[in-house]
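Residue-level structural notes
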Amino acid sequence: MDGMLSQDEINALLNGDDDSAGSDAGAEASVFDGPDADDTLLTEAEKDAVGEVANISMGASATTLFSVVNRKVNITTPIVKLATWKDVLEDYEKPCVFILIKYTQGLDGSNILILKEHDVKIITDLMMGGDGSNTDGELGELHLSAISEAMNQMMGASSTALSTMFGKMIDISPPEASLVDLTAFKSGGDIADFLEGTFVKISFRMQIDELVDSTIMQLYPIEFAKDVYDTFILNQEDAQPAAPAAAPEPAPAPAPQPQQMPQAQPMQAQAPQMDMSQMQMGMPQAMPQMQMMPQMQMMPQMVMQPGMNVQPVQFQNFAGDFNPLQSQENIELIKDVPLEVTVELGRTSKSISDILDFAPGTIIELDKIAGEPIDVLVNGKFVAKGEVVVIEESFGIRVTEIIK
């Protein structure tokens, strides 16, 4: 009958054979529920440690992003969870920007930072001096290059904060940004190997003035998260002071010795001898000496020890060959600073009336002769000369002379 169990099914239930029947349902649930059904991959202590590290990391990154976009930036406390590729698809359905961050020193592994496409457009516009409203059009190479530079500075500040926290050098390679359509991938393993299974998802809420109020995600491999935890715990143990050893019993204090007063000079200790004839004649020759006795006792005396070597102080002469400009500068610190390169074909001066007469087809004569090398300027400074070349469908410049 419908809705009733057969005798075989009842016997199976009584014998405990329903495990095999429920295994399929459990397997199906694990696919949809993701890693929430398995909390053994990462303990609560490991999640807390990863969250603390991510919080410090993003705090330093927010400060750097503020200096890049010149707007108030707020990144909230992270939320650490285990996730699968399906969870990422639910949070980011539209095309988004994946930023791959690889650690080259201090930590072994990599992680991925995910930003929404609209947020990247706003950050890029602010970096270029806009007000954040120029978000029309598709996301191109210019946007990806700009966000890579912003992430490079942010993660650089993050690495510095982690270096201070862990007590060792933490360094990364330049981040790689790419526009990813998540719907085009059936599995996260096509993007990164660790996205194939279960990984750590760290969610942050990012606010930039009134322009951005969004969620960004950071994805960690399980092994990388455990490495962060081990480094964090080891640093905490090293930071704890060792238990103090039992203090030895204090030695008995010496009995107080009576303070000895300095002996006065014989001239001060003895009363002056006065002649009776002097007293009769009214000549108090010893009176001034008696009045000076208290002052003489209070004046400090400099005592020279035997064998003391006294000589005039000598100061270093700074008028010699010392030149701080000759110290070698560390060029590695500024290699990533962007500079604007301008190729100048020529110049001319025109009056306002001439400029008002400009129209399509107007020819403007420059101060350069045909075939003469053109100027190459870096941040407005004349550094080289070159000639124009054509590279496929683009113009280029071949440097022919470096100006010293």
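For the structure, see preceding data.
Residues numbered from 1 in each chain as written. Predicted model: local features only at pLDDT ≥ 70, side-chain atom pairs only at ≥ 80, totals over all residues. Heavy atoms only, no water.

Relative orientation of the contacting elements helix α5 (residues 117–127) and helix α6 (residues 141–166) amounts to 80 degrees, with a least axis distance of 9 Å. Viewed along their axes, α5 and α6 adopt a mutual orientation that is roughly perpendicular. In this structure, α5 uses Val120, Lys121, Ile123, Thr124 and Met127 to contact α6, whose residues at the interface are His143, Ala146, Ile147 and Ala150. (Axes fitted to C-alpha atoms, helices over the stretch in contact; angles between N-to-C directions. Helix = DSSP H or I, 4+ residues; strand = E, 2+ residues; numbered from the N terminus. Parallel < 35°, antiparallel > 145°, perpendicular 65-115°, else oblique. Contact = heavy atoms within 4.5 Å.)

Buried residues dominate strand β10 (residues 374–378), accounting for 4 of its 5 residues. Sheet analysis places strand β9 (residues 341–344) next to β10, joined by 4 bridges and oriented antiparallel. The residue of β10 that forms the bridge with glutamate 344 is aspartate 375. Bridge count between β10 and strand β11 (residues 381–391): 5 bridges; the pairing is antiparallel. Looking across to β11, one finds that valine 376 is bridged to alanine 384. (Buried < 20%, exposed > 50% of the residue type's maximum accessible area, 1.4 Å probe, protein only. Pairing = 2+ DSSP bridges.)

Attention now moves to the sheet that holds β10. If you trace the 4 strands from one edge of the open sheet to the other, you get β9-β10-β11-β12, paired in antiparallel fashion. This sheet does not close on itself; its edge strands, each paired only once, are β9 and β12 (394–402). The average angle at which neighbouring strand axes cross in this sheet is 40 degrees, direction not considered.

Right, let's talk about the packing of aromatic side chains for a bit. Taken as a whole, this structure holds 3 aromatic pairs when the rule is applied. Arranged with centres 5.0 Å apart and planes meeting at 90 degrees, the rings of tyrosine 220 and phenylalanine 224 form a pair that is edge-to-face. As far as burial versus exposure is concerned, tyrosine 220 and phenylalanine 224 are alike and both buried. Within the aromatic cluster, the residues linked to one another by ring pairs are Tyr103, Tyr220 and Phe224. (Phe/Tyr/Trp six-rings, centres within 6.5 Å; stacked < 30°, edge-to-face > 60°.)

Under the defined criterion, the tally for this structure stands at 10 salt bridges. Residue arginine 71 pairs with aspartate 209 through a salt bridge whose shortest N-O separation is 3.5 Å. In this pair, arginine 71 sits in the loop between α3 (44–69) and β1 (73–75) while aspartate 209 sits in the loop between β7 (199–208) and β8 (212–220), placing the two residues 138 residues apart along the sequence. On the basis of relative accessibility, which here comes to 36%, the residue aspartate 209 falls in the partly exposed class. For glutamate 372, the salt bridge identified is with lysine 368, shortest N-O distance 4.0 Å. By relative accessible area, which is 36% here, glutamate 372 ends up partly exposed. Residue lysine 368 is classed as partly exposed on the basis of its relative accessible area, which comes to 25%. Through salt bridges with shared partners, one network takes in Lys368, Glu372 and Asp375. (Salt bridge = Lys/Arg side-chain N within 4 Å of Asp/Glu carboxyl O.)

Here the phi dihedral of asparagine 70 falls at roughly 60 degrees; this positive angle occurs in a residue that is not glycine. For asparagine 70, the location among the structural elements is in the loop between α3 and β1. For asparagine 379, which is not glycine, the phi torsion reads 55 degrees and is therefore positive.

With that settled, the discussion passes to α5. For α5, the tally of buried residues reaches 8 of 11 residues, placing the bulk of the element in the interior. Considered for burial, the residues of α5 that qualify are Asp119, Val120, Lys121, Ile122, Ile123, Thr124, Asp125 and Leu126. In this structure, the buried side of α5 is in contact with α3, β3 (96–105), β4 (109–116), α6, β7 and β8. Remark: glycine 129 follows α5 within two positions and exhibits a positive phi of approximately 90 degrees.

All right, on to the packing of α3 against α6 then. α6 packs onto α3 with a crossing angle of 140 degrees between their chain directions and a minimal axis gap of 8 Å. Classed by the angle they form, the pair α3 and α6 counts as oblique. Judged by the sense of rotation from one axis to the other, the crossing of α3 with α6 is right-handed. Of α6, the residues touching α3 (which contributes Glu52, Val53, Ile56, Ser57, Met58, Ala60, Ser61, Thr64, Leu65 and Val68) are Gln153, Met154, Met155, Ala157, Ser158, Ala161, Leu162, Met165 and Phe166. Here the contact of α3 with α6 is composed, by residue class, of 13 nonpolar, 5 polar and 1 charged. (Left-handed = near helix turned anticlockwise from the far one by under 90°. Nonpolar A, V, L, I, M, F, W, Y, C, P; charged D, E, K, R; others polar.)

What follows is about a nonpolar patch on the surface. Together, Leu345, Ile355, Phe358, Ile364 and Leu366 line one region of the surface with nonpolar side chains, adding up to about 420 Å² of accessible area. Topologically, phenylalanine 358 is positioned in the loop between α12 (352–356) and β10. (Patch = residues over 30% accessible without salt bridge, like charges linked within 9 Å, V, L, I, M, F, W, Y side chains within 5 Å. Areas by Shrake-Rupley, 256 points an atom, 1.4 Å probe, with all protein chains shown as cover.)

With that settled, the discussion passes to the nonpolar core. Ile99, Ile147, Phe166, Val200 and Ile208 are the most contacted members of the largest nonpolar core, which has 52 residues in total. Leave out the neighbours within four places in its chain, and isoleucine 147 touches Ile99, Leu115, Val120, Ile123 and Ala177. Grouped together as the second largest cluster of nonpolar side chains are 16 residues, Val88, Phe98, Leu182 and Leu195 included. (Core = buried A, V, L, I, M, F, W, Y, C linked by side-chain atoms within 4.5 Å.)

Along the chain, the position of glutamate 344 falls in strand β9. A distance of 2.8 Å separates the side chain of glutamate 344 from the side chain of arginine 347, its partner in a polar contact. Non-local contacts of glutamate 344, meaning those with residues more than four positions away in its chain, are made with Ile374, Asp375 and Leu377. (Polar contact = N/O pair within 3.5 Å; in protein donor to acceptor, adjacent residues only side chain to side chain.)

When you line up the elements, proline 175 lands in the loop between β5 (171–172) and β6 (176–180). Overall, proline 175 belongs to the buried group, its relative accessible area being 8%. Each C-alpha atom, one on proline 175 and one on asparagine 152, is 5.9 Å from the other, the two residues being 23 residues apart in sequence. Apart from the residues lying within four places of it in its own chain, the contact partners of proline 175 are Ile99, Leu100, Ile101, Ser148, Met151 and Asn152.

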